[in-house]
Amino acid sequence: ITFAELTKKMFQFGRKMDTVLSFIGDLERNKKIQIIQTTKELLLEAGKISFTFSIPIVDSIIASTAKIMGCHAILSEDKHYTDFCKKNSIKLVSW
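One numbering rule holds for all chains: residues counted from 1, following each sequence as written. At least 70 in pLDDT is required for a residue's local features to be given in this predicted model, at least 80 for side-chain atom pairs to be given and counted, and no such filter applies to totals for whole chains, interfaces and linings, which use all residues. Excluded from the side-chain calculation are hydrogens and water; included are all heavy atoms of the structure.

*Asks:* In this structure, what is going on with the pattern of salt bridges? I would like to understand it.
*Replies:* Where charged atoms of side chains with opposite charge meet at close range, the side chains can pair. In the sections that follow, a salt bridge refers to a side-chain nitrogen of Lys or Arg positioned within 4 Å of a carboxyl oxygen of Asp or Glu. Tallying each qualifying case throughout the model produces three salt bridges. Between Lys 48 and Glu 45 there is a salt bridge, and its shortest N-O distance comes to 3.4 Å. Of this pair, Lys 48 and Glu 45 both sit in helix H3 (residues 40–53), three residues apart, which is roughly one turn of the helix. We classify Glu 45 as buried; its relative accessible area is 13%. Glu 45 is the partner of Lys 67 in a salt bridge, and the nearest nitrogen-oxygen pair spans 2.8 Å. Separated by 22 residues along the polypeptide, Lys 67 in helix H4 (residues 57–69) and Glu 45 in helix H3 bring together distant segments of the chain. Per the convention used, a helix needs a DSSP run of H or I reaching at least four residues, while a strand needs a run of E reaching at least two, with both numbered from the N terminus. Relative accessible area decides the class of each residue, using a 1.4 Å probe on protein chains only: under 20% of the type maximum gives buried, over 50% gives exposed, and in between gives partly exposed.

*Asks:* Just to check I follow, could you spell out the layout of surface pockets for this structure?
*Replies:* It is a probe the size of a water molecule, rolled over the atoms, that shows where empty space is left. Put plainly, a pocket is an open set of points on a 1 Å grid over the protein atoms alone with protein on both sides within 12 Å along at least five of seven lines, a cavity is a set where a 1.4 Å probe fits but cannot get out, and a lining residue has an atom within 4 Å of a point. Grid points are joined across faces, edges and corners, and a volume is the space filled by probe spheres set on the points. Roughly 1,300 Å³ of volume is contained in the largest pocket. Lining of the largest pocket is provided by 35 residues; of these, Thr 2, Ile 33, Gln 34, Ile 62 and Leu 75 occupy positions nearest its centre. Of the residues belonging to the lining of the largest pocket, the class tally is 20 nonpolar, nine polar and six charged. Side-chain classes follow a simple rule in which Ala, Val, Leu, Ile, Met, Phe, Trp, Tyr, Cys and Pro form the nonpolar group, Asp, Glu, Lys and Arg form the charged group, and the remainder, Gly included, forms the polar group.

*Asks:* What is the right way to read the packing of aromatic side chains from this model?
*Replies:* For any pair of aromatic rings, the description consists of the separation of the ring centres together with the inter-plane angle of the planes. Only centres within 6.5 Å qualify two rings of Phe, Tyr or Trp (six-membered ring in Trp) as a pair; their planes then separate them into stacked at under 30 degrees, edge-to-face at over 60, and tilted for everything else. In the structure shown here, the tally under the stated rule is one aromatic pair. Considering the side-chain rings of Phe 53 and Phe 84, the 5.6 Å spacing of their centres and the 85 degrees angle between planes classify their relative orientation as edge-to-face. Residue Phe 53 is located in helix H3, and its partner Phe 84 is located in helix H5 (residues 82–87); the two are separated by 31 residues in the primary sequence.

*Asks:* How do you make sense of unusual backbone geometry when you look at a structure like this?
*Replies:* Residues other than glycine predominantly adopt negative phi, and peptide bonds predominantly adopt the trans conformation. Positive phi, close to 55 degrees, is recorded for Ser 54, a residue that is not glycine. If you trace the backbone, Ser 54 turns up in the loop between H3 and H4. If you check the backbone angles, Ser 89 has positive phi at about 55 degrees while not being a glycine. Position of Ser 89 among the secondary structure elements: in the loop between H5 and strand E2 (91–93).

Written as structure tokens, this is what we have:
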């Protein structure tokens, strides 16, 4: 899901697919980044987060992953993460 959003954002900035793939490859090789498979637990938590914080469901999946995996930050310019991040002590980092 995050790769889909990342791809869209990079296209909006005029990047080509080869640049997107190279960037994603760099992320996959980065030892500080984990690629997490979507699970039933993550999706159920996403539903709760979406309802509680009025966050769109796709972004709620990202939020639930950050919460369950103990992430320290969400990289996004989406302001609808603000209350969720404050309540869960997760830093909201802008691009």
